[in-house]
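Residue-level structural notes
In case you want the letters, here they are:
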Amino acid sequence: MLDKWFKKEKPFQGFAGFGGGAVSRLVGGAAANTFDVSGGNATSTGGDYKYFYFTSPGTLTVASTAGTGELAMSFMLIGAGAGGDSTGGGGGGAGAFIQKIDYPVQSIPSSNVTMPISIGSASTSPYEAEGSPSSFAIPNAWNSNSPKTFAANRGGRGRSGTDGNPGGSGGGGGRGGPNAGGNATAPQTIDGVGNTPDAGIGYPGGDGAQNFPDTGGGTGGGGGGAGGAGYDSPGSDNQPYQGISGGQGGNGRAAFAGDVNVSPSYGTPGPGPGRYFAGGGGGGNHSKSGPGDSPGGAAGYGGGASGSPRNSPNFGGTPVTANTGGGGGGGGGTSNGFVGAGSAGASGICIVRIAQENISN
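As the structure is a prediction and not an experimental result, all values here were calculated from the model.

Another point: the sheet that holds strand β2 (residues 42-46). Pairing is antiparallel in the open sheet, where 5 strands are placed in the order β2-β3-β15-β5-β6. The two strands at the open ends of the sheet, each matched to only one other strand, are β2 and β6 (97-105). Between one strand and the next, the sheet's axes are offset by a mean angle of 20°, whatever the strand orientation. When strand β3 (residues 49-54) meets strand β15 (residues 349-355), the two strands line up antiparallel, connected through 6 bridges. By the bridge assignment for β15, lysine 50 is matched with isoleucine 354.

Right, let's talk about unusual backbone geometry for a bit. With glycine set apart, most residues show a phi of negative sign, and most peptide bonds adopt trans. For threonine 87, which is not glycine, the phi torsion reads 45° and is therefore positive. Inspection of the secondary structure puts threonine 87 in the loop between β5 (71-78) and β6. Assessed through its relative accessible area of 10%, threonine 87 is described here as buried. With phi around 55°, alanine 257 is a residue other than glycine that occupies positive phi space. Tracing the backbone shows alanine 257 in the loop between β11 (253-254) and β12 (276-277).

With that settled, the discussion passes to the nonpolar core. The biggest cluster of nonpolar side chains holds 28 residues, and the ones touching the most others in it are Leu60, Val62, Met73, Phe136 and Val352. It is β5 that contributes the most residues to this core, 4 residues altogether. In this structure, valine 62 is in contact with Phe35, Asp36, Val37, Leu71, Ile108, Ser111, Asn112, Val113 and Met115, ignoring residues within four places of it in sequence. Tyr53, Ile101, Ile349 and Ile351 belong to the second largest nonpolar core, which has 20 residues in total.

What follows is about the pattern of salt bridges. Two side chains with opposite charge may pair up if their charged atoms get near one another. Going through the model one piece at a time under the given rule, you end up with 6 salt bridges. For arginine 154, the salt bridge is made with glutamate 130, and the minimal N-O distance between the two is 3.2 Å. Placement of arginine 154 in the loop between β9 (148-152) and β10 (218-219) and of glutamate 130 in the loop between β7 (113-118) and β8 (134-138) is noted, with a sequence separation of 24 residues between them. You can call arginine 154 partly exposed: its relative accessible area is 33%. What emerges from the salt-bridge pattern is a single network uniting Asp85, Arg157 and Arg159.

Another point: the side chain of serine 64. Position of serine 64 relative to the elements: it lies in strand β4 (residues 58-66). Once you skip the residues sitting within four places of it in the chain, serine 64 turns out to touch Thr34, Phe35, Gly69, Ile108, Pro109 and Ser110.

Inspection of every chain in the model, using the stated rule, returns 7 aromatic pairs. Ring plane angle 75° and centroid distance 6.2 Å describe the contact between phenylalanine 75 and tyrosine 103, whose orientation is recorded as edge-to-face. Separated by 28 residues along the polypeptide, phenylalanine 75 in strand β5 and tyrosine 103 in strand β6 bring together distant segments of the chain. Since its relative accessible area comes to 0%, phenylalanine 75 is described here as buried. With relative accessibility at 2%, the residue tyrosine 103 sits in the buried group. Over the face of the ring belonging to tyrosine 49 we find arginine 353, whose NZ or CZ atom lies 4.1 Å from the ring centre.

About the cut-offs
- Residues numbered from 1 in each chain as written.
- Predicted model: local features only at pLDDT ≥ 70, side-chain atom pairs only at ≥ 80, totals over all residues.
- Heavy atoms only, no water.
- Pairing = 2+ DSSP bridges.
- Helix = DSSP H or I, 4+ residues; strand = E, 2+ residues; numbered from the N terminus.
- Axes fitted to C-alpha atoms, helices over the stretch in contact; angles between N-to-C directions.
- Buried < 20%, exposed > 50% of the residue type's maximum accessible area, 1.4 Å probe, protein only.
- Core = buried A, V, L, I, M, F, W, Y, C linked by side-chain atoms within 4.5 Å.
- Contact = heavy atoms within 4.5 Å.
- Salt bridge = Lys/Arg side-chain N within 4 Å of Asp/Glu carboxyl O.
- Phe/Tyr/Trp six-rings, centres within 6.5 Å; stacked < 30°, edge-to-face > 60°.
- Lys NZ or Arg CZ within 6 Å of the ring centre and 35° of its normal.

As structure tokens, then:
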């Protein structure tokens, strides 16, 4: 069940880029609540909003300058994505995707209050490992909804020769087996406005497969994303290994339900408006040497990496997009040649969105 705060009656604040815009909060002709707000590695403005981008740990600092001290802020928080495994490994799962729209923080005083934000970092040594979660804390006792800490779980690692690991979104299963994709530890529910449960949203990874007649070969499943499950490897025991790709990573999700004013410096394009985050990684391809194309799986929209083809001794494919929480790609390789490594996942991010009419500085 979603938080009870969402049922609270208050003026609707529309999405920038969708015919909405920040609705002035006027009560009996009084001016809107205003605040000094600072924090983040960068900021931008667009439409009716100001955006605060956290790509490393920091604090959001807020002080009331006029009004009742209630601030309605929207935020997106994503844990780090996991890496894909080597030699036909599954793609890494994306970090959990938490989003709250117009979340009310109440009774903010005129003195500065701080809200700590931690950003999950991806593991680059080894590349196939899982990263760490991200968190956003509203710790002050003056707020009726606090203490409240939102924690976005890291993604699950893609695996080779076994089932994918669970995580915010699950990792893809590896070659052989078949091996199942990892489960998502975040639920798969989101409301029509864009609010996720407090644990966020995520999807499971896809299954890996072993391809006939190459008993040593096979393809990994795609890692899960915030917008959909990773795809199963299209291979099976009754198909030849040439021409079979790894499983595609699950798609991510657009920040703030497709807000087109989020800076293009963050996230990736997707199939709809806005900037996408938390895409799953593609599965890798491992087979015997021979003719035919055996590609890795495509990345999911939202910053995931693609998997490696069988003829790539390196990480292969396209890498993750930084600070998206996307999953890494599975590795390639050949049974009588080289072993291709999986690639790392992406670190997480937090974006806070506040109506410009509520900001005084």
